[in-house]
Amino acid sequence: MKRTSSTYTRLIAAQFRAITEYPADFWTMSAVVVIQQIVQVSFIAVVFANVSSIGGWGFHEMLMLIGFMVLADALTEIGWDGIWQVASEIVSGQLDYLMTRPAPVMMQVGASAIGMQAGANLTTGSIMLVVGWTGAGISPAYIPAAVLLYLCAVVVQLTIISMLCCASFWLKGPTVVFAFLGAQVQENVTRFPLNIYPKLVRNTMIWVIPFAFVNFIPVQILTGELPLSWLAIPPLVAAALFGLTVLVARSGLKRYESAGH
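Here's what I pulled together on the structure shown here. These numbers were taken from a predicted model, which means no experiment stands behind them. Throughout, residues of each chain are indexed from 1 in the direction in which the sequence is written. The predicted nature of this model means local features are confined to residues of pLDDT at least 70 and side-chain atom pairs, given and counted, to a pLDDT of 80 or more, with totals for whole chains, interfaces and linings taken over all residues. Note that the side-chain values use all heavy atoms of the structure and ignore hydrogens as well as water.

## Here we look at the overall build of the protein chain
Applicable threshold: Strands are runs of DSSP state E lasting at least two residues, helices are runs of H or I lasting at least four, and both sets are numbered from the N terminus onward. Throughout, radius of gyration means the C-alpha value; the globule benchmark is 2.2 Å times the number of residues raised to the power 0.38. In this scheme, a residue with accessible area under 20% of its type's maximum is buried, one over 50% is exposed, and one in between is partly exposed, where area comes from a 1.4 Å probe on protein chains only. Contacts were defined at the residue level, with two residues in contact if any of their heavy atoms lie within 4.5 Å. For every accessible area listed, the method is Shrake-Rupley and the probe measures 1.4 Å; residues are considered covered only by the protein chains on display. The positive count covers Lys and Arg only, the negative count covers Asp and Glu only, and His and the chain ends enter neither. Taken as the charge centre is NZ of Lys, CZ of Arg, CG of Asp or CD of Glu, depending on the residue.
The secondary structure content of the protein chain amounts to 12 helices and 0 strands. Along the protein chain, from the amino end to the carboxyl end, the secondary structure elements read α-α-α-α-α-α-α-α-α-α-α-α. The C-alpha radius of gyration of the protein chain comes to 19 Å, within 12% of the 18 Å expected for a compact globule of 261 residues. When its C-alpha atoms are laid out on the principal axes, the protein chain stretches across 55 × 40 × 35 Å. By the burial criterion, 45% of the 261 residues in the protein chain qualify as buried. By sequence separation, contacts in the protein chain at least 24 residues apart represent 78% of the contacts at least 6 residues apart. Here the protein chain has roughly 13000 Å² of accessible surface; of this, 68% comes from carbon and sulfur atoms. Of note, the protein chain has its 12 positive side-chain charges centred 12 Å away from the centre of its 11 negative side-chain charges.

Below, the structure is given as structure tokens:
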């Protein structure tokens, strides 16, 4: 475990050095992300200028909802953005090279890239969460619970996307189609409270493809809409998804037959 952690740290450090070689690209991407987040928050502000709540959620609760999602995505972009390249590496046979290294193959894939937009997402997500937290009047005593929920959110985000990317072991093609589809569904559906959707959609996002544990469930717990006993559920979901992701990745690697399958 110590050796694996050390290898992972060196791989991420190498990616940090790589992106600093192109500062113009980094700042351009960061600026684009900041603009996107400003537009998103502005849209929510315009909506709340005309309505008092959305599904019983106020403006500050909505900021927390978006903030949790952006922050979870940001940490995934920093430490696991390479997973989006797994399809191309399967088709090109690049995994052959990774398999010769004395380190977990999927860890090497995940740590092979850092999203340049991660820094901007960390900044904007943190601002949204802090402003939302303060405006919603949540006690500082809930900070430890928020940290736990955030860590679980990152694991849920990372594992779901990883499993969807691993579908490429069974599909032919250089793109992670299911992962892109999943990311789009998450962005478009969970940016709003799930209680505005039909019961089938809510149950799907909570128990089938549990993106709800990235932002909806954490915010409901922190705002008191769900009892504190629910704090036990996100860690269980995160652990179950982690175990399932390991099984899916191992099954995919066993199926791998070099370039072009």
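## As for the packing of helix H3 (residues 59-80) against helix H7 (residues 118-136)
The test is simple: Axes here refer to lines fitted to C-alpha atoms; in helices the fit is confined to the stretch in contact. Angles between the N-to-C directions go from 0 to 180 degrees. Small angles under 35 degrees read as roughly parallel and large ones over 145 as roughly antiparallel, with 65 to 115 read as roughly perpendicular and the rest as oblique. Crossing handedness: left-handed means the near helix sits turned counterclockwise from the far one by under a right angle, and right-handed means the same turn made clockwise. Any residue outside Ala, Val, Leu, Ile, Met, Phe, Trp, Tyr, Cys, Pro, Asp, Glu, Lys and Arg is labelled polar, Gly included; the first ten of those are nonpolar and the last four are charged.
Put simply, H3 and H7 touch, their axes get as near as 7 Å, and they point 155° apart. Between H3 and H7, the angle is such that the two are roughly antiparallel. Crossing geometry of H3 relative to H7 is assigned as left-handed. Residue classes in the contact of H3 with H7 are distributed as 15 nonpolar, 8 polar and 3 charged.

## Some points on the environment of Val155
Relative to the assigned elements, Val155 resides in helix H8 (residues 143-166). On the basis of relative accessible area, Val155 is assigned to the partly exposed category, the value being 28%.

## Re the packing of aromatic side chains
Counted only if it meets this: Any two of the Phe, Tyr and Trp rings considered here, Trp counted by its six-membered ring, make a pair once their centres fall within 6.5 Å; the pair's planes then place it as stacked at under 30 degrees, edge-to-face at over 60, or tilted in between.
Under the criterion given, the structure shown has 6 aromatic pairs. Ring geometry for Trp207 against Trp230: centres 6.4 Å apart, planes inclined by 40°, an arrangement best described as tilted. Separated by 23 residues along the polypeptide, Trp207 in helix H10 (residues 199-208) and Trp230 in the loop between helix H11 (216-222) and helix H12 (233-255) bring together distant segments of the chain. Following the ring pairs from residue to residue traces out a cluster consisting of Trp207, Phe213 and Trp230.

## Some points on the environment of Val33
With respect to the element layout, Val33 can be found in helix H2 (residues 23-48). Residues Val33 and Ala120 lie 87 residues apart in sequence; the distance between their C-alpha atoms is 6.3 Å. Residue contacts for Val33: discarding those within four places in its chain leaves Gln117, Ala120 and Asn121.

## With respect to the packing of H8 against helix H9 (residues 177-189)
Remark: H8 packs on H9, axes separated minimally by 7 Å, with the N-to-C direction vectors making an angle of 145°. Contacts between H8 and H9 involve Gln157, Ile161, Leu164 and Cys165 on the former and, on the latter, Phe178, Ala179, Gly182 and Gln186. When the residues that make up the contact of H8 with H9 are grouped by side-chain class, the tally is 5 nonpolar, 3 polar and no charged.

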